[in-house]
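What follows is each chain in one-letter form.
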Amino acid sequence: MNNTSTLADYGSQTSFSSAGSGAAATLGLTTAMSVAGGVLFLLVMGAVWLARRRNRPGHVWWIWAGGVVLPVLALAALVAASTFTLAAIGRTGDTAPVIEVTGHHYWWDVVHDPQGRALRDANEIVLPADTKVTLRLRSGDVIHSFWVPSIAGKLDMIPGRVNEMTVTATRPGRYRGQCAEFCGLSHPLMAFEVLVLPPAEYAAYLAGLQDEARDADTAQLEQGREVFLREGCPACHVIRGIAEGGRIGPDLSRVGARGSLGAGMWRMNVGNLAGWIADVQDMKPVAEMPSFNHLSGPDLRAVAHYLASLK
Amino acid sequence: MTDTSADDRPRQGPILDELPLYERAWATPKGWRSLSSVSHRVVGQRFIVTGLGFFLIAGFLALLVRTQLIVPQNTFLDAETYNQVFTMHGTLMMFLFAIPILEGFGVYLLPLMLGARDLIFPRLGAFGYWCYLFGGLIVLASFLFDAAPAGGWFMYTPLSSKEYTPGLSADFWLIGITFAEIASVTAAVELIAAILCTRAPGMSLTKMPIFGWYMLVTAFMIAVGFPPLIVGSILLEVERLLGLPFFDPAMGGDPLLWQHLFWLFGHPEVYIIFLPASGMVATMLPTFVGKPLFGYGYAVAAVVAMGFISFGLWAHHMFTTGLPMITLSLFSAASTMVTIPTGVQIFCLILTLAQGRPRLTVPMHFILGFLFIFVIGGLTGVMLASVPFNWQAHDSYFVVAHLHYVLIGGMVFPLIGAFYYWTPHFTGRMMSERLGRWAFWLMFIGFHVTFFLMHITGLRGMPRRIATYPEGLGWDRLNMLSSIGSYILAAGVAVFVWDFIAHRWRGPLAPRDPWQAGTLEWMYPPIAPGHNFHAIPRVHSREPLWDQPELLGGDAHRVHGVLHDAPHGRRETVGCHPLSGEPLQIVRLPHPTWVPLVTAACVAVGFAALLANFYLVAAAGLVAALVGFAVWAWEPSETGETLETSEGTLTVNLPSRLGHTHIAIIGTLLILVALFASLLLGVMYLWNVQPEFARLAGDGDLDWAGAALACGAGVVLTAWLARRWPNALLDLILALFAAAAGGALYLAVLPMDPLATALAGAVWMTAGFIGVQLFVLLYWSVFLALRKLTGQVAPGQTVPEINRLPYAVVTAGMLVAAAVVLAAPQLEAFT
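Since this is a predicted model, take the numbers as computed values, not measurements.

Looking at the overall build of chain A
Link 1 in the chain: When its secondary structure is counted, chain A shows six helices and twelve strands.
Link 2 in the chain: The C-alpha radius of gyration computed for chain A amounts to 25 Å, which surpasses the reference 19 Å derived for 311 residues by more than 25%, pointing to a less compact arrangement than a globule.
Link 3 in the chain: Across its three principal axes, chain A shows a C-alpha extent of roughly 90 × 40 × 35 Å.
Link 4 in the chain: Put simply, chain A has 311 residues, and 57% of those count as buried.

What follows is the structure, encoded as structure tokens:
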């Protein structure tokens, strides 16, 4: 796998730093359970230690105390804590704005407001801060799993099924998510980023998704657009206003604005874009897209610049 | 390693006059002929050594995984190789190491502990071993064909279906593992029958060594727990080969059906691995404390409870698949419940420890290590039962940490302790106390460095099964340390393996009962003779060697007991009443034979040919195997002979429902019912999940289904009549009824197109399964008729007829269930 130019600063992917109501509630539960588990472990090991030093039979009620009463008390506390946490997360049953995410080998198709304006993006999920959003998860091929540890726990994307979860992102910023269900050869390269924006900026973002893609305004960019059209890219990719037929690959209308390339794997810049186009099969083996390694140097530069300009 | 020959007897006291006859009867064949041996001692050691081999291979694969992950974006392995390596690591560890090696210990130890001269179906044990070896070799051979499975040990559909995994890799997995599972289920039947039917006189179930209880529950769990996976594997293989769309949502299937079947097996599997190891701990610990197990009854009750509860937990592996919230809550609560029997067992051990000052031997180190590690694994398991936490931790490195705490702590540590404990029994020499301590501390420290950190790695967001990870996500240092820990752990295992090999010439000779244990297997000085017991003593206690001084006092050959002589020069042992342990019959045991090896080889050829798409060869292999089974069973019946023994006159192979073959048939039927239930569950699940496809599946022909039922009634009636008045004519009529029932069943499902919808496909599979059942009855009945017609059967030799009746009843019951399922949609239309 390509060893160069990864993102310098990924968004946070740890469940220890929460930026969503679900992750925050779960982090509290994790902490409580870890402490309680540690105490129980010390109690049992203490019993082992005492037993090693003792030299006469104990009472049978120790079996009841340690094997029945202690677990039942601990479990009752655990079930109660879990239930309260579940209620706090409120994963289902809300009528919130819907964002539909579909997992594909090995990228993510994103549609905001699927019943209405059906605004499409890919590999970067923009969420409004402090707003309930329902993520509607589907799969286009095998089972994937949607996981952004800093925002919420995971939920699988299963062919033939629709899974939904309601999340509230609480802190604007950039977070990283990753496919958590083994889905094939390039499973490790199937990540994405979540961009949490203040609600006003989110509205602007959505409005931007309705506009046609930015026009090519220099000679090089025009050449890049020509290469894009000539090489058959529109068979799979959409650039609004330029090519609207293909749905096989990610929507590229604002590809240059994304923080990362190749589904959350590399920093978005002209160099990585050119490398990606020329050698995608090396950077992400068995991706659907072929390597366009027959392009001339100027053509490759032009198309990379053109894509980078789409913001 | 497998040399347990009875001639190796320099340290075994004086030889009695009648021994030569014994020696001839129980001698293990020499040289290459030893492959025909069926003795449990030989077969058990083969299981153990082969399992150890797979453990080392799988462990090596684990080191490759850790080496790949030692730094971010490593290029040591490419993604394809990495996926093969982690898939094979899990597959080998779970299917070809953990279960077989524990069954190997059970096969080796149980007759010795229970007071039997051999396991009750020695040829079945040998057959199971060869199936395991050949199945394992098929799985390993995939590396040679560059087709190693790469879909994970869990083989989730649709990733493992033909569309996303073309080529043979998934077929290698499905066929090889299914084949190896034959070994597990045959061993389960054998262990059930052996534990219930061949205990020493006086050994009631309440006086049985605790290991017997653990293995009995394990065997029942295998009998019920493996069938869902076998059914799932067959469905997936049929989908891949023939295109029946069980898991394709576009045709009425559902990928989650695979997950339900897989985890219906996969969760009990964890306890199937844990229980025997835990049973070893409960056997070894009292020895080192010098006092009996504390709370024997509590431990037994806890083990039985655990066996039941473990079947109600499977969905906690599926908390992130979008199951309804109420289902999640139920399974979450059920999952936490298993803590109670686990806690009871742990506290039985702790209280055993409290009774005396334990000797800190090497096995004792591993027992304490087991307690330390397993308790952590249990606690993280409870955390994972919490739904919201599970959503974060599932499929992250937290789960990797948890499962290794449970499996290495709960199984590998006790197992290595068991090796140190019982190896003197295998080889007559002690392993090294010094090297054993090195092995323990290296393993213990290496283990925690490797796996404790993974809890944190997982909560920091690292998913499992990723071949590389980018730099700078907070995982770099943790992974580096985990990899270093894994090398320390491997060094510990290497020290153990070296000791296991080198003790053969460096180890001191083992004295009689080297650990001052109380269980019967140590009655002889190592190595015990091939027949285990010159005479089988009457047992009055759970720790006979502690409470019955006559057993250890003098020459073991002079101990009084049943079957002191071998007047016929035949292999025989005492069959007991399943509950009281009082002698019931004499069980004649087979001598060395090539039939198990040849039959297993035929099955192996069949499976390998299936893999290579040579269907004619596959069919030929199957037919040859069927002939092999007939040869196997075509031996003169000895039912009715009597022997005078110290326990009175006993009959050989008593025709009774308490007899060992009838108990074994009941065990087999348990497996068959579990298989059938798994299929039926599949049918009903698909019907429920994709109801619109139920209409598309069409209706079966109810008239023919009625005819099949009528023929099924005929089968039961003739089987019942034949039990009362055995004769060849009734056997042939029964065969005819079975054939007719099969034909009618085929016509009943014919209107449904198995390729069009998953539901119709599942109905066909169910019908096909009943067809196989009916074929078995047909084959069996023709076989019995032939035996009667050729004069092989004397009056009163009715064991086969007694055994066939429940088989016929259960098969007819399956017909009824299938008919109800066929009729239900049409009845629904009426209402």
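Having seen the model, we can carry on.
Considering empty space enclosed by the protein
Once rolled over the atoms, a probe with the size of a water molecule shows which space is left empty.
Residues and elements named next belong to chain B.
Link 1 in the chain: Tallying each qualifying case throughout the model produces 14 cavities of 30 Å³ or more.
Link 2 in the chain: Of the voids in this model, the largest cavity is the one considered here, and its volume is about 150 Å³.
Link 3 in the chain: Every residue lining the largest cavity is counted, 15 residues in all, and those nearest its centre are Ile-210, Ala-282, Pro-286, Thr-519 and Glu-543.
Link 4 in the chain: Listing elements by their share of the lining of the largest cavity, those giving two or more residues are helix H6 (210-242) and helix H7 (255-289).

Some details on helix H3 (residues 79-114) of chain B
Residue and element names in this part refer to chain B.
Link 1 in the chain: Helix length check: H3 (36 residues) gives 50 Å between terminal C-alpha atoms against 52 Å at 1.5 Å per residue, within 8%.
Link 2 in the chain: At Met-93, H3 shows its largest bend, some 35°.
Link 3 in the chain: By the criterion of burial, H3 is predominantly enclosed, with 34 of the 36 residues buried.
Link 4 in the chain: The opening residue of H3, the one whose side-chain oxygen lies 3.2 Å from the backbone nitrogen of Glu-80, is Asp-78.

A word on the environment of B:Val617
Residue and element names in this part refer to chain B.
Link 1 in the chain: Position of Val-617 among the secondary structure elements: in helix H19 (residues 615-633).
Link 2 in the chain: Separated by eleven residues in sequence, Val-617 and Gly-606 have C-alpha atoms that sit 6.5 Å apart.
Link 3 in the chain: Discounting residues that sit within four places of it in the chain, Val-617 has contacts with Val-605 and Ala-609.

A closer look at the packing of aromatic side chains
Link 1 in the chain: All told, the structure shown has 73 aromatic pairs over all chains when counted by the stated rule.
Link 2 in the chain: Their ring planes at 80° and their centres at 6.0 Å tell us that A:Trp108 and A:Phe146 sit as a pair that is edge-to-face. You can see A:Trp108 sitting in strand S2 (residues 107-112) and its partner A:Phe146 sitting in strand S6 (residues 144-148), a full 38 residues away along the chain. As far as burial versus exposure is concerned, A:Trp108 and A:Phe146 are alike and both buried.
Link 3 in the chain: Ring centres of B:Phe127 and B:Trp632 lie 5.7 Å apart, and the angle between their planes is 70°; this geometry places the pair in the edge-to-face category. Of this pair, B:Phe127 sits in helix H4 (residues 122-141) while B:Trp632 is found in helix H19, placing the two residues 505 residues apart along the sequence. The two residues B:Phe127 and B:Trp632 agree in class, both being buried.
Link 4 in the chain: Its guanidinium or amino end placed over the ring of B:Trp634, B:Arg787 lies 5.7 Å from that ring's centre, counting from NZ or CZ.

As for the side chain of A:Thr26
Link 1 in the chain: By the element assignment, A:Thr26 lies in helix H1 (residues 21-53).
Link 2 in the chain: Exposure remark for A:Thr26: the relative accessible area of 3% places this residue in the buried category.
Link 3 in the chain: Once residues lying within four places of it in the same chain are set aside, the contact partners of A:Thr26 are A:Thr85, A:Ile89, B:Pro388, B:Phe389 and B:Gln392.

Observations regarding the sheet that holds strand S8 (residues 163-168) of chain A
Where strands meet in a sheet, backbone hydrogen bonds hold them as pairs that are either parallel or antiparallel.
Residue and element names in this part refer to chain A.
Link 1 in the chain: Within the open sheet, the five strands sit side by side as S3-S2-S1-S5-S8. Their pairing is mixed. Each of the sheet's edge strands pairs with one partner strand only, and the pair in question is strand S3 (119-122) and S8. Direction aside, the axes of adjacent strands within the sheet are offset by 25° on average.
Link 2 in the chain: Judged from the six bridges that link them, strand S1 (residues 98-104) and strand S5 (residues 132-139) form a sheet pairing that is parallel. When the sheet's bridge partners are listed, Thr-102 is paired in S5 with Arg-138.

Considerations on the nonpolar core
Link 1 in the chain: Ranked by internal contacts, the top residues of the largest apolar core, which has 344 residues, are A:Phe146, B:Phe105 and B:Trp422.
Link 2 in the chain: With 23 residues, the single largest contributor to this core is H3(B).
Link 3 in the chain: Dropping the residues within four chain positions of it, B:Trp422 is found in contact with B:Phe105, B:Leu109, B:Met113, B:Met280, B:Thr283, B:Met284, B:Glu521 and B:Trp522.
Link 4 in the chain: Residues A:Ala213, A:Phe228, A:Ala278 and A:Tyr306 belong to the second largest nonpolar core, which totals 33 residues.

Definitions and cut-offs
The numbering scheme is per chain: residues are counted from 1 as the chain's sequence reads. Ligands are numbered from 1 and chains lettered from A, in the order in which they are written. Two thresholds apply to this predicted model, a pLDDT of at least 70 for residue-level local features and 80 or more for giving and counting side-chain atom pairs, whereas whole-chain, interface and lining totals are computed over all residues. No hydrogens and no water enter the side-chain calculation; it runs on all heavy atoms of the structure. Counting from the N terminus, the helices are the DSSP runs of H or I reaching at least four residues and the strands are the DSSP runs of E reaching at least two. Radius of gyration means the value over C-alpha atoms here, while the globule rule gives 2.2 Å times the residue count to the 0.38 power. Exposure is judged per residue with a 1.4 Å probe applied to protein chains only, and the accessible area is read against the type maximum: over 50% gives exposed, under 20% gives buried, and values in between give partly exposed. Here a cavity denotes grid points, spaced 1 Å and computed from the protein atoms alone, that fit a 1.4 Å probe unable to get out, and a pocket denotes an open set having protein on both sides within 12 Å along at least 5 of 7 lines; residues with an atom within 4 Å of a point are the lining. Grid points are joined across faces, edges and corners, and a volume is the space filled by probe spheres set on the points. Working rule for helices: expected span equals 1.5 Å times residues minus one. Think of it this way: the bend at a residue is just the angle between two axes, each fitted to seven residues, one set ending at that residue and the other starting at it. Under the rule applied, a polar contact is a pair of N or O atoms within 3.5 Å (in protein, one hydrogen donor and one hydrogen acceptor; residues adjacent in sequence only if both atoms are side-chain atoms). Here a residue-residue contact requires only that any non-hydrogen atoms of the pair lie within 4.5 Å. Two rings from Phe, Tyr or Trp (for Trp, the six-membered ring) form a pair when their centres sit within 6.5 Å of each other. Planes less than 30 degrees apart are called stacked, planes more than 60 degrees apart edge-to-face, and all others tilted. Here, over-ring charges are defined by two tests on the NZ atom of lysine or the CZ atom of arginine: distance to the ring centre within 6 Å, and angle to the ring normal within 35 degrees. Strand pairing follows a simple DSSP-based rule, namely that at least 2 bridges must link the two strands. Interaxial angles span 0 to 180 degrees and are taken between N-to-C directions of axes, which are lines fitted to C-alpha atoms, for helices over the stretch in contact. To qualify as a nonpolar core, a set must consist of buried Ala, Val, Leu, Ile, Met, Phe, Trp, Tyr and Cys residues joined through side-chain atoms within 4.5 Å.

Shape descriptors only; they carry no functional weight alone.
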